[in-house]
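Examination of the molecular architecture
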Protein chains: 4
Amino acid sequence: MTGEPAAVDPALITRIETSFAKQAFMATLGARLVRVAPGEVEIALPVSAHLCQQHGFVHAGAVSTIADSAAGYAALTAMPAGAGILTAEFKINLLAPATGEELRALGKVVKAGRTLTLATAEVFAVSGGARKLCAMMTATCMTIAGREGVAD
Amino acid sequence: MTGEPAAVDPALITRIETSFAKQAFMATLGARLVRVAPGEVEIALPVSAHLCQQHGFVHAGAVSTIADSAAGYAALTAMPAGAGILTAEFKINLLAPATGEELRALGKVVKAGRTLTLATAEVFAVSGGARKLCAMMTATCMTIAGREGVAD
Amino acid sequence: MTGEPAAVDPALITRIETSFAKQAFMATLGARLVRVAPGEVEIALPVSAHLCQQHGFVHAGAVSTIADSAAGYAALTAMPAGAGILTAEFKINLLAPATGEELRALGKVVKAGRTLTLATAEVFAVSGGARKLCAMMTATCMTIAGREGVAD
Amino acid sequence: MTGEPAAVDPALITRIETSFAKQAFMATLGARLVRVAPGEVEIALPVSAHLCQQHGFVHAGAVSTIADSAAGYAALTAMPAGAGILTAEFKINLLAPATGEELRALGKVVKAGRTLTLATAEVFAVSGGARKLCAMMTATCMTIAGREGVAD
């Protein structure tokens, strides 16, 4: 966040943190929220055996999970408070094995609309301090207003 | 497997079962392999709190995980023994909340090629015996031959 | 249409035909509407030099065009009369060179929702009477109501 | 190409220009190649009635066509001379009506691999000198070596 300190509304951070804490699947994975800014959210996931597929790489589904949450929460930062969000669809390209010490998913809003918001997420494999792009997602998120049980 | 008994090569079933058992992430989710046939694989996932997102639905990432494994293993049934498989990309549309007692992901090969295989996966939410389509995936799987550590 | 003769409401056919006739790009390609049924639309495109890319195959963009229109009009058959439709996103896998005498795009609704409808389109290359699957699309179509200039 | 003059190998430009000139569908649309650099290609398409859909916007298929060519040629700049390229799949989100005087598709390589290359394309609608993002594509391109009739 170099060069843009103190710019983020604490209420926005709290809103995303509160919703993230309700995503039990994030705890199952061991993922944590590391950054919230308007239109941008970053999630970290330590690489761990319980996340892996048959070759010892993190499963594409786990990679997709943090990418989807990063993209979705980036989109949620652009929605009115109290609105709920659902992912309508996403597409992910898996570019390199998801290995190393930690994965980082960086979600960004491309275009926020009234009903649909397009966000992207890049996932980096971090190893020995180096970041390598291992996946890229585009996600279409839908703003849900006034539906019981679907807020934030 | 009603109506098509004894048609499947036991070696094929063993091959997929062995690979599936190495996917630690399947155990983390609680998913199990329920059906293997040439070009088709089905995976079951009991709905459970540890898989959910903030609204109490199964997280899109968990839905994607079983869809990706079902599509990928369907593709693997069409590849030569000893070949490895990696998902190059997938796209999933989330059509209805993933709720109920159990999810079922049904993967099918659309076209098997030498390098790339296209497979689809439909995910159904099962509740009180009724099946409702809740997600649809298309996945491009890549045959990997002769790469150390990447087999089946 | 074997087994389901006379089942299609003529008003539905007229509605799709009228909209199709307004798509100037269909005339530019040489595409024609060959079948309309509830949830299904088929479009034919004679293979022609003016549609090709550098290897002499029909350009992926032309293949996508008839697939998008077939999927979109299939979705439109499931929407209320007077509603407009826009494609929010689509994904297409190109499975084989688009060659032969004619392409056929067959669009089908997977799930019709109030705001979003998922449809698929399969594109076949027809040569000497044989049909070969050459592309598969999934498309998310959005129902537009009450927007000036966007109807059918 | 302001700020980076003389940086681009003329042979690379010629290679892409020669292939582009063979894409008859580009001439059908009225598209032209406006920029070639390593990993980046830009295509311009004047908005014209013969490209439109029923609401008077440029058809999503025409938008996809220039995006696919821009992404594909960007990928081709990263492939060995003589290699052919085919699009394996692409996904496009349509973000705003494609209107105005001209569309510009800007293709960029995200990751070049031996077999598969991921590229993106952004499409802008240009009106009165202002650029508005109207579509975003991700495309998986495949390097084809040694197949008769498939080069560049």
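This is a predicted model, so every value here is computed, not measured.

Section: the packing of aromatic side chains
For the structure on display, the rule yields 8 aromatic pairs over all chains. With centroids separated by 6.4 Å and ring planes inclined at 35 degrees, the aromatic side chains of A:Phe25 and B:Phe25 adopt a geometry described as tilted. With one member in each of two chains, A:Phe25 in helix 2 (residues 24-29) and B:Phe25 in helix 2 (residues 24-29) form a pair that bridges those chains. In terms of burial, A:Phe25 and B:Phe25 fall into one category: buried. B:Arg131 extends its terminal NZ or CZ atom over the ring of B:Phe124, reaching a point 5.0 Å from the ring centre.

Some points on the relation of the copies chain A and chain B
Mapping chain A onto chain B is achieved by rotating through 180 degrees and translating by 0.0 Å along the same axis, at an RMSD of 0.0 Å. One copy is carried onto the other by what is essentially a two-fold rotation axis. Within chain A, the C-alpha atom positioned nearest to the axis of rotation is that of A:Lys91, 2.0 Å from it. Taken together, the interface assignments show that 100% of the residues at the interface of chain A recur at the interface of chain B, consistent with an identical surface on both copies.

Looking at the side chain of B:Glu102
Residues and elements named next belong to chain B. Note that Glu-102 resides in strand 4 (residues 102-112). Relative accessible area serves as the criterion here: at 16%, Glu-102 is assigned to the buried category. The residues contacting Glu-102, other than those within four sequence positions of it, are Arg-32, Ala-44, Leu-45, Pro-46, Val-47, Phe-124, Ala-125 and Val-126.

Notes on the interface of chain B and chain D
Contacts between the two partners involve 7 residues from chain B and, on the opposite side, 7 residues from chain D. Carbon and sulfur atoms supply 87% of the area that chain B and chain D bury against each other, a total of about 460 Å² over both sides. By the criterion of area lost to chain D, the three top residues of chain B are B:Glu89, B:Leu116 and B:Met142, representing 63% of everything that side buries. The interface formed by chain B and chain D contains 0 salt bridges. Summed over the shared surface of chain B and chain D, the result is 0 residue pairs in polar contact (both at pLDDT 80 or more). Elements that contribute at least two residues to the side of chain B that touches chain D include exactly strand 3 (84-94) and strand 6 (130-144) of chain B. Class assignment for the residues of the side of chain B that touches chain D results in 3 nonpolar, 2 polar and 2 charged.

Considering the relation of the copies chain B and chain D
The operation relating the pair of chain copies consists of a rotation about an axis and a translation along that axis. Once chain B has been moved 0.0 Å along the axis and rotated by 180 degrees, it coincides with chain D to within an RMSD of 0.0 Å. The overlap is high: 100% of the interface residues of chain B also sit at the interface in chain D, so the same surface is used on both sides.

Considerations on the packing of helix 1 (residues 10-22) of chain C against helix 3 (residues 60-77) of chain C
Residues and elements named next belong to chain C. The geometry of helix 1 relative to helix 3 is characterised by a closest axis approach of 10 Å and an angle of 140 degrees between their N-to-C directions. Here helix 1 and helix 3 pass one another in a crossing that is right-handed. Residue-level contacts link Leu-12, Arg-15, Ile-16, Ser-19 and Phe-20 of helix 1 to Tyr-73, Leu-76 and Thr-77 of helix 3. Classifying every residue of the contact of helix 1 with helix 3 gives 5 nonpolar, 2 polar and 1 charged.

A word on the pattern of salt bridges
When the charged atoms of two side chains with opposite charge come close together, those side chains can pair. All told, the structure shown has 27 salt bridges over all chains when counted by the stated rule. The partner of D:Lys91 in a salt bridge is A:Glu89, with the nearest N and O atoms 2.8 Å apart. Placement of D:Lys91 in strand 3 (residues 84-94) and of A:Glu89 in strand 3 (residues 84-94) is noted, with the two residues assigned to different chains. Residues C:Arg35 and C:Glu40 are paired through a salt bridge, measuring 2.9 Å at the closest nitrogen-oxygen approach. Residue C:Glu40 is classed as partly exposed on the basis of its relative accessible area of 23%. In this structure, a network of salt bridges that share partners links the residues A:Arg32, A:Glu42, A:Glu102, A:Arg104 and A:Arg131.

A look at the sheet that holds strand 2 (residues 40-46) of chain D
Strand order in the open sheet formed by 12 strands is 1(C)-2(C)-4(C)-5(C)-6(C)-3(C)-3(D)-6(D)-5(D)-4(D)-2(D)-1(D), with antiparallel pairing between adjacent strands. Taken across any chain shown, the strands that pair with only one partner, and hence form the sheet edges, are strand 1 (32-37) of chain C together with strand 1 (32-37) of chain D. Each neighbouring strand pair of the sheet contributes to a mean axis angle of 20 degrees, computed without reference to strand direction. The pairing of strand 4 (residues 102-112) of chain C with strand 5 (residues 116-127) of chain C spans 10 bridges and is classified as antiparallel. Note on strand 5 of chain C: the bridge partner recorded for C:Arg104 is C:Phe124. Sitting on the sheet, helix 3 of chain C touches strand 1, strand 2 (40-46), strand 3 (84-94), strand 4, strand 5 and strand 6 (130-144) of chain C together with strand 3 of chain D, and the angle it makes with strand 4 of chain C is about 40 degrees. Here helix 3 (residues 60-76) of chain D sits on the sheet in contact with strand 3 of chain C together with strand 2, strand 3, strand 4 (102-112), strand 5 (116-127) and strand 6 (130-144) of chain D, set at roughly 40 degrees to strand 4 of chain D.

Points about the interface of chain A and chain B
The interface is formed by 39 residues belonging to chain A together with 39 residues belonging to chain B. Here chain A meets chain B over a buried area of about 2900 Å², counting both sides, of which 59% is carbon and sulfur. Remark: the boundary between chain A and chain B carries 0 salt bridges. Counting across the chain A and chain B interface gives 18 residue pairs in polar contact (both at pLDDT 80 or more). Listing elements by their share of the side of chain A that touches chain B, those giving two or more residues are helix 1 (10-22), helix 2, helix 3 (60-76) and strand 3 of chain A. Counting residues per element, the side of chain A that touches chain B draws most heavily on strand 3 of chain A, at 10 residues.

A few points about the sheet that holds strand 1 (residues 32-37) of chain B
What the 12 strands build is an open sheet, ordered 1(A)-2(A)-4(A)-5(A)-6(A)-3(A)-3(B)-6(B)-5(B)-4(B)-2(B)-1(B); its pairing is antiparallel. The open sheet has two free edges, formed respectively by strand 1 (32-37) of chain A together with strand 1 of chain B, since each of these has just one partner strand. Adjacent strand axes in the sheet meet at a mean angle of 20 degrees, parallel and antiparallel pairs treated alike. Lying over the sheet, helix 1 of chain A contacts strand 1 and strand 2 (40-46) of chain A, oriented at roughly 150 degrees with respect to strand 1 of chain A. Where helix 3 of chain A meets the sheet, its contacts fall on strand 2, strand 3, strand 4 (102-112), strand 5 (116-127) and strand 6 (130-144) of chain A together with strand 3 of chain B, and the angle it forms with strand 4 of chain A comes to roughly 40 degrees.

What counts and what doesn't
- Residues numbered from 1 in each chain as written.
- Chains lettered and ligands numbered in written order.
- Predicted model: local features only at pLDDT ≥ 70, side-chain atom pairs only at ≥ 80, totals over all residues.
- Heavy atoms only, no water.
- Phe/Tyr/Trp six-rings, centres within 6.5 Å; stacked < 30°, edge-to-face > 60°.
- Helix = DSSP H or I, 4+ residues; strand = E, 2+ residues; numbered from the N terminus.
- Buried < 20%, exposed > 50% of the residue type's maximum accessible area, 1.4 Å probe, protein only.
- Lys NZ or Arg CZ within 6 Å of the ring centre and 35° of its normal.
- Least-squares fit on C-alpha atoms with pLDDT ≥ 70 in both.
- Contact = heavy atoms within 4.5 Å.
- Buried area = accessible area lost by both parts, 1.4 Å probe.
- Salt bridge = Lys/Arg side-chain N within 4 Å of Asp/Glu carboxyl O.
- Polar contact = N/O pair within 3.5 Å; in protein donor to acceptor, adjacent residues only side chain to side chain.
- Nonpolar A, V, L, I, M, F, W, Y, C, P; charged D, E, K, R; others polar.
- Axes fitted to C-alpha atoms, helices over the stretch in contact; angles between N-to-C directions.
- Left-handed = near helix turned anticlockwise from the far one by under 90°.
- Pairing = 2+ DSSP bridges.

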